[in-house]
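Structural characterization, general
Below, each chain spelled out in residue letters.
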Amino acid sequence: MIHPVILCGGSGTRLWPLSRKAFPKQFAQIVGSESLFSACARMLSGPGFARPTVVTAADFRFIVGEQLLDAGIDPGAVLIEPAPRSTAPAILAAAIFLARADPGAVMLAAPSDHAIADPDAFAALARSALPAAQSGRIVTFGITPTNAETEYGWLEPGADRVEGFATLRRFVEKPAREEAERMLSDGGHLWNAGVFMFRADTILAAFEAHAREMTGPVARAVERARPDLGFLRLDPEAWDAVPASSIDYAVMEKAQGLVVAPYQGRWTDLGGWPAVHREMESDSAGVALHGAAMAIDCRDTLLRSEVEGLELVGIGLDNLIAVAMDDAVLVADRARAPDVRLAVEALRERGAYQAEAFLQDHRPWGHFETLMEGDRFRVKRIFVHPGAALSLQRHMHRSEHWVVVSGTARVTIGTGSHLVGEGESVHVPLGTIHRLENPGKVPMVLIEVQTGRYLGEDDIERLDDIYSRTESG
């Protein structure tokens, strides 16, 4: 069996405003009918694959759980990183975790934010590489290049073959344009997909040989990890001592005896809006549309409206990207798309929430979005999953009025509890202990009107929470 290890951290700034720190690109529906994370998990499931191990951040743990549930995939484990440390510590933690049960477990470590056009072919390639990994080899997956890409690392396969695959001669860091063009014309080089397969004990030995400074603190973080609602939180004190490094730099570029499994289908890491444009269906003029978007006399342009009913119209545009959301709009020359990160930095410096967050805020019980806000009031739409419940809480600076518009709510106010149906409402006075639950089998939606002198999300005293949270919300 192959044990998938799915990595899903990242801040998602290069696809702003669709991808943001609070909900980065791997969880968004960018291409296709599901998120990149869901597509990755589905690809690495089925015959020949064990239940996946997911490594993610605390802020994403419930999003991971919800999207895996929607995809019908039961994870073997979800490891929570206390802080981002790049790919090497994440993979090492998963290897230590899996090796406790089976040192010979074959792991396939993969980013969750790449788009693979033919997942069945990639899964078949992974299964064909299993014997090489079982023999103690590290298998790196390469992509047949389609252009002289300078934003990817490259692989140079050697002449020898082992277990049906070419050995790896060397890694090539992001090359200059001239070198990329030479490698493309040579025809033998591959893009580095950042996907690796190996036995757990093989990669642990490689870390001992090339990145020993990581093994001790990561091992302690795994040994001291504590269960938390089906997740496993790595120990934060031990994790603080872990140096940050990519798996390529820490281990792979120094290890010996790697082999290369070539994938010949379409692949992209969706590293920016031009990459998204290339993956979308375009007309003969190179115009790609998504949502309520219209192009008149445009060329080589991407227009995406991510808001139902918001019409995005382009006239006479050439080589532009326009992405419209309900709280932010991006308009950029395609050649300047990498500078999106500068916009995010500028928004962050201004204190604009759009730099990192959305109007819709995900919670373990569902989500909420702000519909309107003014002096001493805020209006929200709250969506609660069947069987879910918000914490038992109270606010010191605001009162709330709830109107149920769909489903049925169980409302606790003070010491009493009762059901509130569609079209019914209830008032929660300032300082009153309260809780909102969905006892039904369908989602419950309500409108919340907050009034008071302070309406921040941190105005909460949590008295009981089924999700064991300490943060606000």
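See the structure above.
Here goes a summary of the coordinates provided. Just so it is clear, the model here is predicted, and its values are computed rather than measured.

Before going further, it helps to spend a moment on the sheet that holds strand 27 (residues 425–428). Ordered by their spatial adjacency, 6 strands build an open sheet running 20-21-22-29-24-27, and the pairing between neighbours is antiparallel. Both outer strands of the open sheet, strand 20 (360–363) and strand 27, are each paired with one neighbouring strand and no more. Each adjacent strand pair in this sheet contributes to an overall mean axis angle of 20 degrees, direction not counted. Two strands pair when backbone bridges link them, and strand 24 (residues 398–406) and strand 29 (residues 444–452) are joined in this way by 8 bridges, in the antiparallel orientation. The residue of strand 29 that forms the bridge with His401 is Val449.

Take the side chain of Glu149 next. Relative to the helices and strands, Glu149 resides in the loop between strand 6 (139–143) and strand 7 (154–162). This buried residue, Glu149, is left without a salt bridge; Arg278 holds the nearest opposite charge, at 4.5 Å. Apart from the residues lying within four places of it in its own chain, the contact partners of Glu149 are Trp154, Pro175, Ala180 and Trp191.

This part takes up the nonpolar core. Membership of the largest hydrophobic core comes to 95 residues, with the highest contact counts inside it found for Leu108, Val139, Phe141, Met197, Trp273 and Leu436. Once you skip the residues sitting within four places of it in the chain, Leu436 turns out to touch Val384, Ala389, Leu390, Trp402, Ala409, Arg410, Val411, Met444 and Leu446. Formed by 48 residues, the second largest nonpolar core is a distinct cluster that contains Ala77, Ala95, Ala221 and Ala238.

Counted residue by residue, helix 1 (residues 36–43) has 6 buried out of 8 residues, so it is predominantly covered. Taken residue by residue, helix 1 has Leu36, Phe37, Ser38, Cys40, Ala41 and Met43 as its buried positions. Each element contacted by the buried residues of helix 1 is listed here: strand 1 (2–8), strand 2 (53–57), helix 2 (61–71), strand 4 (106–111), strand 5 (115–116) and helix 4 (119–128).

Contact pair helix 3 (residues 87–99) / helix 8 (residues 212–223): the axes reach a minimum separation of 9 Å and the direction vectors enclose 55 degrees. Relative to helix 8, the element helix 3 lies oblique. In this structure, helix 3 meets helix 8 at a crossing whose hand is right-handed. Contact with helix 3, carried on its side by Ala88, Pro89, Leu92, Ala93, Ile96 and Phe97, involves Met214, Thr215, Val218, Ala219 and Val222 of helix 8 and no other residues of that element. Partitioned by chemical class, the residues of the contact of helix 3 with helix 8 number 10 nonpolar, 1 polar and no charged.

Bringing the side chain of Asp269 into the picture now. With respect to the helices and strands, Asp269 occurs in the loop between strand 13 (267–268) and helix 11 (273–279). A polar side-chain atom of Asp269 sits 3.2 Å from a polar atom in the side chain of Tyr152. Those residues in contact with Asp269 that lie beyond four places of it in its chain are Arg14, Lys25, Asp113, His114 and Tyr152.

A full pass over the atoms with the stated rule returns 26 salt bridges. Residues Arg224 and Asp235 are paired through a salt bridge, measuring 4.0 Å at the closest nitrogen-oxygen approach. Of this pair, Arg224 sits in the loop between helix 8 and strand 10 (226–228) while Asp235 sits in the loop between strand 11 (231–233) and helix 9 (236–239), and the two are 11 residues apart along the sequence. Put simply, Glu156, Arg169, Arg170, Glu179, Arg182 and Asp186 are held in one network by salt bridges that share partners.

Bringing the sheet that holds strand 14 (residues 288–290) into the picture now. Pairing is mixed across the open sheet formed by 4 strands, whose spatial order is 14-16-18-19. Here the strands that pair on one side only, and so sit at the sheet edges, are strand 14 and strand 19 (329–333). Neighbour-to-neighbour, the strand axes of the sheet open up by a mean angle of 5 degrees, direction not taken into account. As defined by bridge partners, strand 16 (residues 302–305) adjoins strand 18 (residues 320–324) across 4 bridges and the pair is classed as parallel. Following the sheet pairing, Arg304 is matched in strand 18 by Val323.

Bringing the state of the cysteines into the picture now. For the coordinates displayed, the defined rule picks out 0 disulfides. Cys8 supplies the cysteine sulfur nearest to Cys40, a cysteine that is in no disulfide, at a spacing of 8.8 Å. In this structure Cys40 comes out as buried when scored by relative accessible area, which is 5%.

Let us now look at the pairing of strand 3 (residues 77–81). Where a strand is regular, its side chains alternate between the two sheet faces. Of all 5 residues making up strand 3, 5 are buried, and the element is well covered by its neighbours. With burial as the criterion, each face of strand 3 is covered, one bearing Ala77, Leu79 and Glu81 and the other bearing Val78 and Ile80. Alignment of strand 2 against strand 3, held across 5 bridges, turns out to be parallel. By the bridge assignment for strand 3, Thr56 is matched with Ile80. In this view, the connection linking strand 2 to its parallel neighbour strand 3 by way of helix 2 has right-handed handedness. Of the pairings in the sheet, the one linking strand 3 to strand 11 comprises 2 bridges and is parallel in character. Bridge pairing in strand 11 places Leu79 opposite Leu232.

Basis of the calculations
Here the residue numbering is sequential within each chain, running from 1 through the sequence in written order. Reporting in this predicted model follows two pLDDT cut-offs: at least 70 for local features of residues, and 80 or more for side-chain atom pairs to be given and counted; totals over whole chains, interfaces and linings ignore these cut-offs and use all residues. Hydrogens and waters are ignored; side-chain quantities use all the structure's heavy atoms. We treat two strands as partners when DSSP finds at least two bridges between them. Numbered from the N terminus, helices here are DSSP runs of H or I no shorter than four residues, and strands are runs of E no shorter than two. Every axis in this analysis is a line fitted to C-alpha atoms, fitted for helices over the stretch in contact. Angles between the N-to-C directions lie between 0 and 180 degrees. The rule is simple: take the accessible area with a 1.4 Å probe, protein chains only, and divide by the maximum for that residue type; under 20% is buried, over 50% is exposed, in between is partly exposed. In this tally Asp and Glu are treated as negative and Lys and Arg as positive; neither His nor the chain ends contributes. Any Lys or Arg side-chain nitrogen found within 4 Å of a carboxyl oxygen on Asp or Glu counts as a salt bridge. Two residues form a contact once any of their heavy atoms are found within 4.5 Å. Here, the term nonpolar core denotes a set of buried Ala, Val, Leu, Ile, Met, Phe, Trp, Tyr and Cys residues that are joined through side-chain atoms within 4.5 Å. When describing relative orientation, an angle under 35 degrees is termed roughly parallel and one over 145 degrees roughly antiparallel, while 65 to 115 degrees is termed roughly perpendicular and anything else oblique. We call a crossing left-handed when the near helix sits turned anticlockwise from the far one by less than a right angle, and right-handed when that turn is clockwise. Put simply, Ala, Val, Leu, Ile, Met, Phe, Trp, Tyr, Cys and Pro go in the nonpolar bin, Asp, Glu, Lys and Arg in the charged bin, and everything else, Gly too, in the polar bin. Two N or O atoms count as a polar contact when they lie within 3.5 Å, although within protein this holds only if one can serve as hydrogen donor and the other as acceptor, and sequence-adjacent residues are included solely when both atoms are side-chain atoms. We call a pair of cysteine sulfur atoms a disulfide whenever their separation is within 2.5 Å. Handedness of a crossover is defined as follows: orient the strands so they point away from the viewer, and if the path from the first strand over the helix to the second runs clockwise, the crossover is right-handed.

These figures capture arrangement, not role.
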